[in-house]
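Listed below are the residues making up each chain.
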Amino acid sequence: MDESYRTTLTNEMGEKVEVSMADLLENNVDKLVSDYTREMSGWAALKSKVGVGTPKQLDEYKGFLVKRSKEAGDREPERAFDIAFNSVLGRSTEDAPHSMWSRASRMVRSQAFLTSMGQVGYTMLAEVGPTVAAVGWRTALKAIPGSAALVRRMANGELKSTEARFLEDICAPGTDLLRNQPYLRHDDIGSTVWDRSTATGRVLNTVDTAQQYGQRYLSIMSGMAPIQSSMQRYAGRASALRMIELANKGDLPEALTHRLRNYGLNEADQKAIFKRLAGMKKVDDIAQSWDTWAPKERSAFSAYMWRVTRHQVMEGDVGDSIQLMHSSIGKVFVQFRTFMTSSYTRHMLNGLHMRDMQAANMVVTSTFFAGIGMAARNYVNTVNDTEMREKLMTSENLAKQAFQQSSYSSVIPFMVDTMAYDLGLKKALGGEDKPVFAYGRSTGLDSGVKGIPALSLAQSAWGAAKLPVTALDPDSDITQKQVKDAMKLLWFQNMTGIRNGVSEFAKLFPEESN
(Lines give C-alpha, C1' and ligand atoms only; values in the text may rest on other atoms or scores of the structure.)
Protein backbone atom coordinates (compact mmCIF):
# COMPACT_ATOMS: atom_id res chain seq x y z
CA MET A 1 0.00 0.00 0.00
CA ASP A 2 1.34 3.41 -1.00
CA GLU A 3 1.00 5.63 2.06
CA SER A 4 2.10 8.64 0.02
CA TYR A 5 -0.92 8.43 -2.31
CA ARG A 6 -2.94 11.66 -2.37
CA THR A 7 -6.07 12.80 -4.16
CA THR A 8 -8.63 15.60 -4.09
CA LEU A 9 -12.23 14.97 -3.05
CA THR A 10 -15.31 17.16 -2.75
CA ASN A 11 -16.97 17.27 0.66
CA GLU A 12 -20.66 17.77 1.47
CA MET A 13 -20.15 21.55 1.42
CA GLY A 14 -18.89 21.45 -2.15
CA GLU A 15 -15.34 22.26 -1.05
CA LYS A 16 -12.26 20.64 -2.58
CA VAL A 17 -10.25 18.80 0.06
CA GLU A 18 -6.95 17.02 -0.45
CA VAL A 19 -6.72 13.70 1.38
CA SER A 20 -4.04 11.03 1.60
CA MET A 21 -3.66 7.48 2.82
CA ALA A 22 -1.51 8.82 5.65
CA ASP A 23 -4.57 10.62 7.03
CA LEU A 24 -6.20 7.23 7.66
CA LEU A 25 -3.22 5.64 9.39
CA GLU A 26 -1.66 5.91 12.83
CA ASN A 27 2.02 5.00 12.82
CA ASN A 28 2.48 5.49 16.56
CA VAL A 29 1.99 1.89 17.72
CA ASP A 30 2.01 2.86 21.40
CA LYS A 31 -0.87 5.26 20.90
CA LEU A 32 -2.72 3.03 18.42
CA VAL A 33 -2.82 0.01 20.72
CA SER A 34 -3.87 2.13 23.70
CA ASP A 35 -6.61 3.88 21.72
CA TYR A 36 -7.92 0.58 20.35
CA THR A 37 -7.85 -1.08 23.77
CA ARG A 38 -9.69 1.81 25.34
CA GLU A 39 -12.45 1.89 22.73
CA MET A 40 -12.94 -1.88 22.72
CA SER A 41 -13.07 -2.00 26.52
CA GLY A 42 -15.68 0.76 26.35
CA TRP A 43 -17.83 -1.23 23.94
CA ALA A 44 -17.41 -4.32 26.12
CA ALA A 45 -18.54 -2.38 29.19
CA LEU A 46 -21.58 -0.96 27.37
CA LYS A 47 -22.55 -4.42 26.15
CA SER A 48 -22.13 -5.91 29.60
CA LYS A 49 -23.97 -3.21 31.54
CA VAL A 50 -26.70 -1.90 29.21
CA GLY A 51 -26.75 -4.35 26.29
CA VAL A 52 -25.39 -1.85 23.76
CA GLY A 53 -22.89 -3.35 21.34
CA THR A 54 -23.21 -1.46 18.05
CA PRO A 55 -23.29 2.22 16.98
CA LYS A 56 -26.94 1.81 15.95
CA GLN A 57 -27.87 0.43 19.36
CA LEU A 58 -25.96 3.24 21.03
CA ASP A 59 -27.90 5.87 19.06
CA GLU A 60 -31.18 4.21 20.02
CA TYR A 61 -30.15 3.99 23.67
CA LYS A 62 -29.09 7.64 23.75
CA GLY A 63 -32.38 8.63 22.16
CA PHE A 64 -34.24 6.69 24.85
CA LEU A 65 -32.24 8.38 27.64
CA VAL A 66 -32.72 11.85 26.14
CA LYS A 67 -36.48 11.28 25.91
CA ARG A 68 -36.77 10.10 29.50
CA SER A 69 -34.56 12.96 30.73
CA LYS A 70 -36.72 15.56 29.03
CA GLU A 71 -39.83 13.93 30.48
CA ALA A 72 -38.20 14.31 33.90
CA GLY A 73 -37.66 18.03 33.31
CA ASP A 74 -34.05 18.16 32.10
CA ARG A 75 -33.34 20.71 29.39
CA GLU A 76 -30.98 19.88 26.53
CA PRO A 77 -29.46 16.70 28.02
CA GLU A 78 -28.02 15.63 24.65
CA ARG A 79 -24.63 17.22 25.24
CA ALA A 80 -24.23 15.57 28.64
CA PHE A 81 -24.93 12.14 27.18
CA ASP A 82 -22.51 12.74 24.30
CA ILE A 83 -19.77 13.59 26.80
CA ALA A 84 -20.50 10.51 28.92
CA PHE A 85 -20.57 7.97 26.09
CA ASN A 86 -17.65 9.50 24.20
CA SER A 87 -15.59 9.28 27.38
CA VAL A 88 -16.50 5.62 27.82
CA LEU A 89 -15.45 4.87 24.24
CA GLY A 90 -12.23 6.87 24.34
CA ARG A 91 -13.44 9.52 21.92
CA SER A 92 -13.08 13.26 22.13
CA THR A 93 -15.58 14.88 24.48
CA GLU A 94 -15.27 18.27 22.80
CA ASP A 95 -18.08 19.66 20.68
CA ALA A 96 -15.65 20.56 17.88
CA PRO A 97 -12.68 18.18 18.25
CA HIS A 98 -11.41 18.68 14.69
CA SER A 99 -11.11 22.45 14.86
CA MET A 100 -7.79 24.24 14.78
CA TRP A 101 -8.59 25.84 18.13
CA SER A 102 -9.04 22.39 19.69
CA ARG A 103 -5.57 21.36 18.55
CA ALA A 104 -3.99 24.65 19.57
CA SER A 105 -5.71 24.48 22.96
CA ARG A 106 -4.24 21.03 23.56
CA MET A 107 -0.72 22.24 22.77
CA VAL A 108 -1.08 25.26 25.08
CA ARG A 109 -2.26 23.00 27.90
CA SER A 110 0.55 20.55 27.26
CA GLN A 111 3.09 23.36 27.44
CA ALA A 112 1.59 24.53 30.74
CA PHE A 113 1.79 20.99 32.12
CA LEU A 114 5.43 20.61 31.12
CA THR A 115 6.44 23.91 32.70
CA SER A 116 4.36 23.78 35.88
CA MET A 117 3.76 20.24 37.14
CA GLY A 118 7.26 19.26 38.23
CA GLN A 119 6.53 19.27 41.96
CA VAL A 120 3.08 17.76 42.22
CA GLY A 121 4.48 14.68 43.96
CA TYR A 122 4.80 16.60 47.23
CA THR A 123 1.07 17.33 47.26
CA MET A 124 0.11 13.68 46.78
CA LEU A 125 0.90 12.85 50.41
CA ALA A 126 -2.39 14.47 51.42
CA GLU A 127 -4.20 11.48 49.88
CA VAL A 128 -2.88 9.24 52.66
CA GLY A 129 -5.31 10.97 55.01
CA PRO A 130 -8.60 9.65 53.58
CA THR A 131 -7.23 6.08 53.55
CA VAL A 132 -6.14 6.23 57.18
CA ALA A 133 -9.46 7.82 58.14
CA ALA A 134 -11.44 5.12 56.33
CA VAL A 135 -9.63 2.02 57.61
CA GLY A 136 -8.28 3.25 60.94
CA TRP A 137 -4.69 3.58 62.12
CA ARG A 138 -4.34 -0.07 63.16
CA THR A 139 -5.43 -1.47 59.80
CA ALA A 140 -3.46 1.22 57.97
CA LEU A 141 -0.28 0.20 59.78
CA LYS A 142 -1.02 -3.49 59.26
CA ALA A 143 -1.30 -2.91 55.50
CA ILE A 144 2.15 -1.31 55.18
CA PRO A 145 4.43 -4.41 55.25
CA GLY A 146 2.51 -6.26 52.55
CA SER A 147 2.35 -3.16 50.38
CA ALA A 148 5.99 -3.68 49.46
CA ALA A 149 4.84 -6.68 47.43
CA LEU A 150 2.65 -4.40 45.35
CA VAL A 151 5.69 -2.93 43.61
CA ARG A 152 6.08 -4.23 40.06
CA ARG A 153 9.08 -6.27 39.01
CA MET A 154 11.34 -4.14 36.86
CA ALA A 155 12.28 -7.11 34.66
CA ASN A 156 8.91 -8.38 33.45
CA GLY A 157 6.28 -6.00 34.82
CA GLU A 158 4.49 -8.71 36.80
CA LEU A 159 3.24 -8.22 40.33
CA LYS A 160 5.07 -10.20 42.97
CA SER A 161 2.32 -11.48 45.23
CA THR A 162 -0.90 -13.39 44.67
CA GLU A 163 -2.93 -10.82 46.58
CA ALA A 164 -1.45 -7.97 44.53
CA ARG A 165 -2.47 -9.69 41.30
CA PHE A 166 -5.87 -10.44 42.80
CA LEU A 167 -6.53 -6.81 43.76
CA GLU A 168 -5.48 -5.65 40.31
CA ASP A 169 -7.84 -8.16 38.71
CA ILE A 170 -10.89 -7.06 40.68
CA CYS A 171 -10.44 -3.28 40.97
CA ALA A 172 -7.18 -2.30 39.23
CA PRO A 173 -5.75 0.01 41.92
CA GLY A 174 -2.67 1.96 40.92
CA THR A 175 -3.07 1.40 37.18
CA ASP A 176 -4.05 4.96 36.27
CA LEU A 177 -0.75 5.64 34.48
CA LEU A 178 -1.34 2.62 32.23
CA ARG A 179 -5.02 3.31 31.58
CA ASN A 180 -4.86 7.11 31.39
CA GLN A 181 -1.59 8.06 29.77
CA PRO A 182 -1.17 11.77 28.99
CA TYR A 183 -2.61 11.41 25.50
CA LEU A 184 -5.51 9.29 26.82
CA ARG A 185 -6.77 11.42 29.72
CA HIS A 186 -10.40 12.43 29.47
CA ASP A 187 -9.48 15.98 28.53
CA ASP A 188 -7.43 14.89 25.52
CA ILE A 189 -8.73 11.56 24.24
CA GLY A 190 -9.71 11.41 20.61
CA SER A 191 -8.15 14.76 19.74
CA THR A 192 -7.06 14.93 16.12
CA VAL A 193 -3.67 15.77 14.66
CA TRP A 194 -2.56 18.66 12.52
CA ASP A 195 -2.72 18.47 8.74
CA ARG A 196 0.09 16.14 7.66
CA SER A 197 0.06 17.47 4.10
CA THR A 198 1.85 20.72 5.04
CA ALA A 199 5.32 21.30 6.45
CA THR A 200 3.84 23.37 9.28
CA GLY A 201 1.40 20.61 10.12
CA ARG A 202 4.14 18.01 10.25
CA VAL A 203 6.24 20.20 12.55
CA LEU A 204 3.27 20.80 14.85
CA ASN A 205 2.53 17.08 14.92
CA THR A 206 6.13 16.39 15.94
CA VAL A 207 5.94 18.97 18.73
CA ASP A 208 2.55 17.65 19.82
CA THR A 209 3.84 14.09 20.04
CA ALA A 210 6.93 15.22 21.95
CA GLN A 211 4.70 17.07 24.41
CA GLN A 212 2.63 13.94 25.10
CA TYR A 213 5.70 11.84 25.84
CA GLY A 214 7.19 14.71 27.81
CA GLN A 215 4.10 14.76 30.00
CA ARG A 216 4.42 11.04 30.61
CA TYR A 217 8.07 11.50 31.60
CA LEU A 218 7.25 14.43 33.88
CA SER A 219 4.36 12.62 35.55
CA ILE A 220 6.85 9.92 36.54
CA MET A 221 9.86 12.08 37.42
CA SER A 222 7.79 14.54 39.46
CA GLY A 223 6.65 11.66 41.66
CA MET A 224 3.00 12.22 40.77
CA ALA A 225 2.37 8.91 38.98
CA PRO A 226 4.51 6.64 41.20
CA ILE A 227 3.08 8.07 44.41
CA GLN A 228 -0.48 7.93 43.07
CA SER A 229 0.03 4.33 41.99
CA SER A 230 1.63 3.27 45.27
CA MET A 231 -0.99 4.95 47.44
CA GLN A 232 -3.91 3.56 45.47
CA ARG A 233 -2.49 0.04 45.70
CA TYR A 234 -1.95 0.61 49.41
CA ALA A 235 -5.55 1.85 49.74
CA GLY A 236 -6.78 -1.27 47.96
CA ARG A 237 -4.95 -3.60 50.33
CA ALA A 238 -5.94 -1.61 53.42
CA SER A 239 -9.60 -1.49 52.33
CA ALA A 240 -9.69 -5.26 51.72
CA LEU A 241 -8.21 -5.87 55.19
CA ARG A 242 -10.78 -3.48 56.63
CA MET A 243 -13.62 -5.46 55.03
CA ILE A 244 -12.24 -8.68 56.56
CA GLU A 245 -12.07 -6.92 59.93
CA LEU A 246 -15.68 -5.68 59.66
CA ALA A 247 -16.93 -9.11 58.57
CA ASN A 248 -15.48 -10.63 61.74
CA LYS A 249 -16.58 -7.78 63.98
CA GLY A 250 -20.19 -8.78 64.55
CA ASP A 251 -22.86 -6.10 64.65
CA LEU A 252 -21.65 -2.84 63.11
CA PRO A 253 -22.36 0.64 64.45
CA GLU A 254 -24.86 2.64 62.44
CA ALA A 255 -22.15 4.99 61.17
CA LEU A 256 -20.14 2.13 59.63
CA THR A 257 -23.26 0.65 58.04
CA HIS A 258 -24.09 4.05 56.61
CA ARG A 259 -20.58 4.24 55.11
CA LEU A 260 -21.00 0.86 53.41
CA ARG A 261 -24.28 2.03 51.90
CA ASN A 262 -22.60 5.24 50.82
CA TYR A 263 -20.08 3.18 48.86
CA GLY A 264 -22.92 1.36 47.08
CA LEU A 265 -23.02 -1.87 49.10
CA ASN A 266 -26.64 -2.75 49.89
CA GLU A 267 -27.75 -4.87 52.83
CA ALA A 268 -28.16 -8.12 50.89
CA ASP A 269 -24.74 -7.84 49.24
CA GLN A 270 -23.15 -6.89 52.56
CA LYS A 271 -24.52 -10.01 54.25
CA ALA A 272 -23.42 -12.27 51.41
CA ILE A 273 -19.91 -10.79 51.29
CA PHE A 274 -19.48 -10.80 55.07
CA LYS A 275 -20.51 -14.45 55.11
CA ARG A 276 -17.74 -15.18 52.60
CA LEU A 277 -15.17 -13.17 54.56
CA ALA A 278 -16.04 -14.65 57.96
CA GLY A 279 -13.04 -16.38 59.49
CA MET A 280 -10.54 -14.91 57.01
CA LYS A 281 -7.44 -13.05 58.14
CA LYS A 282 -5.57 -12.03 54.97
CA VAL A 283 -6.35 -10.67 51.53
CA ASP A 284 -4.71 -13.80 50.17
CA ASP A 285 -7.53 -15.80 51.77
CA ILE A 286 -10.02 -13.95 49.57
CA ALA A 287 -7.91 -14.62 46.49
CA GLN A 288 -7.71 -18.35 47.26
CA SER A 289 -11.49 -18.67 47.67
CA TRP A 290 -12.47 -16.26 44.88
CA ASP A 291 -13.49 -18.98 42.40
CA THR A 292 -16.09 -20.26 44.87
CA TRP A 293 -17.86 -16.91 45.11
CA ALA A 294 -21.11 -16.42 43.22
CA PRO A 295 -20.93 -14.02 40.23
CA LYS A 296 -23.20 -11.52 41.99
CA GLU A 297 -20.99 -11.58 45.09
CA ARG A 298 -17.83 -11.05 43.06
CA SER A 299 -19.43 -8.21 41.14
CA ALA A 300 -20.64 -6.47 44.31
CA PHE A 301 -17.28 -6.82 46.09
CA SER A 302 -15.31 -5.65 43.03
CA ALA A 303 -17.57 -2.62 42.58
CA TYR A 304 -17.24 -1.75 46.26
CA MET A 305 -13.44 -2.02 46.13
CA TRP A 306 -13.29 0.17 43.00
CA ARG A 307 -15.43 2.87 44.59
CA VAL A 308 -13.67 2.94 47.94
CA THR A 309 -10.13 3.04 46.54
CA ARG A 310 -11.01 5.88 44.12
CA HIS A 311 -12.75 7.73 46.93
CA GLN A 312 -9.76 7.50 49.23
CA VAL A 313 -7.07 8.20 46.61
CA MET A 314 -8.87 10.26 44.02
CA GLU A 315 -8.76 9.41 40.35
CA GLY A 316 -10.71 11.89 38.26
CA ASP A 317 -13.21 10.73 35.67
CA VAL A 318 -15.84 12.31 33.47
CA GLY A 319 -18.36 12.17 36.32
CA ASP A 320 -16.32 14.73 38.28
CA SER A 321 -16.38 17.28 35.49
CA ILE A 322 -18.79 19.93 34.25
CA GLN A 323 -19.64 20.65 30.61
CA LEU A 324 -17.37 23.70 30.56
CA MET A 325 -14.42 21.36 31.06
CA HIS A 326 -15.16 19.63 27.74
CA SER A 327 -14.74 22.61 25.46
CA SER A 328 -11.45 23.91 24.10
CA ILE A 329 -11.70 27.26 25.85
CA GLY A 330 -13.05 25.70 29.04
CA LYS A 331 -10.11 23.31 29.27
CA VAL A 332 -7.71 26.24 29.15
CA PHE A 333 -9.47 28.07 31.98
CA VAL A 334 -9.93 25.09 34.31
CA GLN A 335 -6.62 23.33 33.69
CA PHE A 336 -5.13 21.84 36.90
CA ARG A 337 -8.51 22.33 38.63
CA THR A 338 -9.79 18.77 38.14
CA PHE A 339 -8.51 17.76 41.58
CA MET A 340 -10.50 20.65 43.02
CA THR A 341 -13.75 19.53 41.37
CA SER A 342 -13.17 15.89 42.40
CA SER A 343 -12.42 16.94 45.96
CA TYR A 344 -15.55 19.09 46.06
CA THR A 345 -17.88 16.13 45.52
CA ARG A 346 -15.97 13.14 46.88
CA HIS A 347 -14.48 14.62 50.05
CA MET A 348 -15.95 18.02 50.90
CA LEU A 349 -19.65 17.48 50.13
CA ASN A 350 -19.54 13.79 51.00
CA GLY A 351 -17.86 14.55 54.33
CA LEU A 352 -20.45 17.22 55.15
CA HIS A 353 -23.22 14.78 54.25
CA MET A 354 -21.84 11.92 56.37
CA ARG A 355 -20.85 14.05 59.38
CA ASP A 356 -19.23 11.09 61.16
CA MET A 357 -15.95 10.27 62.83
CA GLN A 358 -14.40 9.17 59.54
CA ALA A 359 -15.07 12.60 58.03
CA ALA A 360 -13.53 14.28 61.08
CA ASN A 361 -10.49 12.00 60.95
CA MET A 362 -10.10 12.75 57.24
CA VAL A 363 -9.83 16.47 57.99
CA VAL A 364 -7.12 15.88 60.60
CA THR A 365 -5.07 13.22 58.80
CA SER A 366 -5.27 14.82 55.35
CA THR A 367 -4.15 18.18 56.73
CA PHE A 368 -1.34 16.50 58.67
CA PHE A 369 0.08 14.62 55.68
CA ALA A 370 -0.39 17.61 53.39
CA GLY A 371 1.65 19.67 55.84
CA ILE A 372 4.46 17.11 55.76
CA GLY A 373 4.53 17.20 51.97
CA MET A 374 4.55 20.98 51.77
CA ALA A 375 7.20 21.29 54.49
CA ALA A 376 9.45 18.94 52.51
CA ARG A 377 8.82 20.93 49.33
CA ASN A 378 9.59 24.23 51.06
CA TYR A 379 12.80 22.85 52.53
CA VAL A 380 14.11 21.42 49.24
CA ASN A 381 13.21 24.52 47.21
CA THR A 382 15.03 26.87 49.57
CA VAL A 383 18.35 25.04 49.99
CA ASN A 384 20.36 28.23 49.44
CA ASP A 385 17.74 30.77 50.46
CA THR A 386 17.39 30.85 54.24
CA GLU A 387 15.32 34.04 54.17
CA MET A 388 12.65 32.47 51.95
CA ARG A 389 12.77 29.24 53.96
CA GLU A 390 12.01 31.09 57.19
CA LYS A 391 9.15 32.86 55.43
CA LEU A 392 7.61 29.68 54.04
CA MET A 393 8.09 27.61 57.18
CA THR A 394 6.27 29.94 59.57
CA SER A 395 3.35 28.32 61.38
CA GLU A 396 0.87 30.57 59.57
CA ASN A 397 2.12 29.91 56.05
CA LEU A 398 2.62 26.19 56.60
CA ALA A 399 -0.87 25.87 58.07
CA LYS A 400 -2.39 27.62 55.06
CA GLN A 401 -0.41 25.44 52.67
CA ALA A 402 -1.48 22.28 54.51
CA PHE A 403 -5.12 23.34 54.41
CA GLN A 404 -4.98 24.22 50.71
CA GLN A 405 -3.38 20.90 49.76
CA SER A 406 -5.64 18.80 51.97
CA SER A 407 -8.10 16.49 50.27
CA TYR A 408 -11.18 18.36 51.50
CA SER A 409 -10.29 22.05 50.96
CA SER A 410 -11.59 21.91 47.37
CA VAL A 411 -12.90 25.24 46.09
CA ILE A 412 -12.36 27.18 49.34
CA PRO A 413 -8.85 28.58 48.60
CA PHE A 414 -9.93 29.42 45.05
CA MET A 415 -13.00 31.32 46.22
CA VAL A 416 -11.15 33.09 49.04
CA ASP A 417 -8.30 34.37 46.86
CA THR A 418 -10.62 35.30 44.00
CA MET A 419 -12.60 37.52 46.36
CA ALA A 420 -9.80 38.73 48.62
CA TYR A 421 -7.01 39.28 46.09
CA ASP A 422 -8.24 39.16 42.50
CA LEU A 423 -11.25 41.38 43.22
CA GLY A 424 -9.31 43.51 45.72
CA LEU A 425 -11.55 42.95 48.75
CA LYS A 426 -8.63 42.36 51.11
CA LYS A 427 -6.90 45.59 50.08
CA ALA A 428 -10.16 47.55 50.25
CA LEU A 429 -10.59 46.44 53.87
CA GLY A 430 -7.10 47.67 54.76
CA GLY A 431 -5.23 44.39 54.41
CA GLU A 432 -2.00 43.60 52.58
CA ASP A 433 -2.35 43.41 48.80
CA LYS A 434 -1.31 39.78 48.36
CA PRO A 435 -3.16 36.44 48.18
CA VAL A 436 -4.29 34.73 51.36
CA PHE A 437 -2.94 31.43 50.03
CA ALA A 438 0.19 32.89 48.49
CA TYR A 439 2.45 29.82 48.51
CA GLY A 440 0.00 26.93 48.50
CA ARG A 441 0.15 25.58 44.93
CA SER A 442 2.94 23.27 43.85
CA THR A 443 2.70 24.76 40.35
CA GLY A 444 3.60 28.21 41.67
CA LEU A 445 0.41 29.64 40.17
CA ASP A 446 -2.03 31.93 41.98
CA SER A 447 -4.84 30.22 43.87
CA GLY A 448 -7.59 32.49 42.56
CA VAL A 449 -9.03 33.10 39.13
CA LYS A 450 -5.73 34.63 37.98
CA GLY A 451 -4.05 31.25 38.39
CA ILE A 452 -4.82 30.17 34.83
CA PRO A 453 -1.78 28.33 33.44
CA ALA A 454 -2.23 29.77 29.95
CA LEU A 455 -2.29 33.29 31.41
CA SER A 456 0.95 32.60 33.28
CA LEU A 457 2.50 31.29 30.06
CA ALA A 458 1.47 34.44 28.21
CA GLN A 459 2.95 36.65 30.93
CA SER A 460 6.21 34.68 30.86
CA ALA A 461 6.36 34.87 27.07
CA TRP A 462 5.81 38.63 27.19
CA GLY A 463 8.58 39.02 29.75
CA ALA A 464 10.93 36.85 27.71
CA ALA A 465 10.16 38.84 24.56
CA LYS A 466 11.43 41.99 26.26
CA LEU A 467 14.79 40.41 27.14
CA PRO A 468 16.53 41.31 23.84
CA VAL A 469 15.30 44.91 24.10
CA THR A 470 16.57 45.17 27.67
CA ALA A 471 19.90 43.61 26.69
CA LEU A 472 20.40 46.20 23.93
CA ASP A 473 19.51 49.12 26.19
CA PRO A 474 22.72 50.42 27.83
CA ASP A 475 20.70 52.12 30.56
CA SER A 476 18.82 48.98 31.64
CA ASP A 477 19.79 45.70 33.27
CA ILE A 478 18.22 42.29 32.87
CA THR A 479 16.60 41.53 36.22
CA GLN A 480 16.05 38.32 38.15
CA LYS A 481 12.33 38.48 37.42
CA GLN A 482 12.91 38.67 33.67
CA VAL A 483 15.25 35.69 33.80
CA LYS A 484 12.78 33.65 35.85
CA ASP A 485 9.95 34.58 33.47
CA ALA A 486 12.00 33.39 30.51
CA MET A 487 12.94 30.18 32.31
CA LYS A 488 9.28 29.44 33.02
CA LEU A 489 8.85 28.68 29.32
CA LEU A 490 11.28 25.74 29.53
CA TRP A 491 10.04 22.19 29.93
CA PHE A 492 10.70 20.56 33.32
CA GLN A 493 11.97 23.85 34.83
CA ASN A 494 9.77 23.34 37.90
CA MET A 495 11.20 19.92 38.77
CA THR A 496 13.09 19.57 42.01
CA GLY A 497 16.77 20.11 41.29
CA ILE A 498 16.21 21.93 38.02
CA ARG A 499 14.16 24.51 39.87
CA ASN A 500 17.01 25.03 42.33
CA GLY A 501 19.46 25.50 39.46
CA VAL A 502 17.18 28.06 37.81
CA SER A 503 16.92 30.00 41.07
CA GLU A 504 20.69 30.03 41.50
CA PHE A 505 21.19 31.16 37.90
CA ALA A 506 18.71 34.01 38.34
CA LYS A 507 20.70 35.27 41.35
CA LEU A 508 23.51 36.18 38.98
CA PHE A 509 21.36 39.11 37.83
CA PRO A 510 20.28 42.19 39.85
CA GLU A 511 16.88 42.24 41.54
CA GLU A 512 16.06 45.61 39.99
CA SER A 513 17.26 47.51 36.92
CA ASN A 514 19.49 50.52 37.55
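**Points about helix α2 (residues 55-71)**
(1) Moving on: Given a rise of 1.5 Å per residue, 17 residues ought to cover 24 Å, and the 24 Å separating the end C-alpha atoms of α2 matches this to within 8%.
(2) Moving on: Residues Leu58, Lys62, Leu65, Val66 and Ser69 constitute the buried set of α2. Burial along α2 is one-sided: seen end-on, the buried residues are contained in an arc of 100°. The exposed residues of α2 that point more than 90 degrees off its buried face are Lys56, Glu60, Lys67 and Glu71.
(3) Moving on: Along its buried surface, α2 packs onto α1 (29-50) and α3 (78-88).
(4) Moving on: At the C-terminal side of α2, glycine 73 shows a positive phi close to 105°.

**A few points about empty space enclosed by the protein**
(1) Moving on: Considering all chains together, one arrives at 3 cavities of 30 Å³ or more under this definition.
(2) Moving on: Taken as a whole, the largest cavity encloses approximately 130 Å³ of empty space.
(3) Moving on: As for the largest cavity, its lining consists of 14 residues, of which Ala134, Arg242, Tyr263, Tyr304 and Gln358 are closest to the centre.
(4) Moving on: Looking at the lining of the largest cavity, the elements with two or more residues in it are α5 (128-135), α10 (224-247), α11 (254-262) and α14 (295-312).
(5) Moving on: The element that contributes the greatest number of residues to the lining of the largest cavity is α10, accounting for 4 residues.
(6) Moving on: Looking at the lining of the largest cavity residue by residue, the classes come out as 9 nonpolar, 3 polar and 2 charged.

**A few points about a nonpolar patch on the surface**
(1) Moving on: Nonpolar side chains collect at one region of the surface, where Met419, Leu423, Leu425 and Leu429 lie side by side and expose about 440 Å² of accessible area between them.
(2) Moving on: Position of leucine 423 among the secondary structure elements: in the loop between α20 (412-422) and α21 (425-428).

**Some details on the layout of surface pockets**
(1) Moving on: The computed volume of the second largest pocket comes to approximately 1,800 Å³.
(2) Moving on: Forming the walls of the second largest pocket are 48 residues, and the residues nearest its centre are Met388, Gly444, Lys484, Lys488 and Arg499.
(3) Moving on: Looking at the lining of the second largest pocket, the elements that each hand over two or more residues are α4 (100-116), α17 (357-381), α18 (386-392), α22 (453-465), α24 (480-487) and α25 (498-506).
(4) Moving on: For the lining of the second largest pocket, the element with the most residues is α22, which contributes 8 residues.
(5) Moving on: Residue composition of the lining of the second largest pocket, by class: 15 nonpolar, 19 polar and 14 charged.

**Quick word on the side chain of threonine 443**
(1) Moving on: You can see threonine 443 is positioned in the loop between α21 and α22.
(2) Moving on: Residue threonine 443 is classed as buried on the basis of its relative accessible area, which comes to 13%.
(3) Moving on: For threonine 443, the side chain forms a polar contact with the main-chain nitrogen of leucine 445, separated by 3.3 Å.
(4) Moving on: Beyond its immediate stretch of four places on either side in the chain, threonine 443 contacts Ser116, Met117, Phe336 and Asn494.

**Things to note about the packing of α17 against helix α19 (residues 395-405)**
What describes two packed helices is the angle between their axes and the distance between those same axes.
(1) Moving on: Between α17 and α19, whose axes approach to 8 Å, the crossing angle comes to 120°. As summarised for this structure, α17 and α19 are arranged oblique, according to the angle between their axes. In the packing of α17 onto α19, the handedness of the crossing is right-handed. Contact residues: Thr367, Ala370, Gly371, Met374, Ala375 and Asn378 in α17; Leu398, Gln401, Ala402, Phe403 and Gln405 in α19.

**A word on the nonpolar core**
In a soluble, globular protein the nonpolar side chains are often hidden away together inside.
(1) Moving on: Among the nonpolar cores identified, the biggest contains 54 residues, and Met243, Ile273, Leu277, Ile286 and Phe301 are the most heavily contacted of them.
(2) Moving on: Ranked by the residues each element gives to this core, the list is headed by α10, at 11 residues.
(3) Moving on: Leave out the neighbours within four places in its chain, and isoleucine 286 touches Phe166, Ile244, Leu277, Met280, Trp293 and Phe301.
(4) Moving on: Formed by 9 residues, the second largest nonpolar core is a distinct cluster that contains Trp43, Leu65, Val66 and Leu89.

Cut-offs used in this document
Residues numbered from 1 in each chain as written. Predicted model: local features only at pLDDT ≥ 70, side-chain atom pairs only at ≥ 80, totals over all residues. Heavy atoms only, no water. Helix = DSSP H or I, 4+ residues; strand = E, 2+ residues; numbered from the N terminus. Expected span 1.5 Å × (residues − 1). Buried < 20%, exposed > 50% of the residue type's maximum accessible area, 1.4 Å probe, protein only. Arc of directions from axis to C-beta. Contact = heavy atoms within 4.5 Å. 1 Å grid on protein atoms, 1.4 Å probe; cavity = no way out; pocket = protein on both sides within 12 Å on 5 of 7 lines; lining within 4 Å. Points joined across faces, edges and corners; volume = space filled by probe spheres on them. Nonpolar A, V, L, I, M, F, W, Y, C, P; charged D, E, K, R; others polar. Patch = residues over 30% accessible without salt bridge, like charges linked within 9 Å, V, L, I, M, F, W, Y side chains within 5 Å. Areas by Shrake-Rupley, 256 points an atom, 1.4 Å probe, with all protein chains shown as cover. Salt bridge = Lys/Arg side-chain N within 4 Å of Asp/Glu carboxyl O. Polar contact = N/O pair within 3.5 Å; in protein donor to acceptor, adjacent residues only side chain to side chain. Axes fitted to C-alpha atoms, helices over the stretch in contact; angles between N-to-C directions. Parallel < 35°, antiparallel > 145°, perpendicular 65-115°, else oblique. Left-handed = near helix turned anticlockwise from the far one by under 90°. Core = buried A, V, L, I, M, F, W, Y, C linked by side-chain atoms within 4.5 Å.

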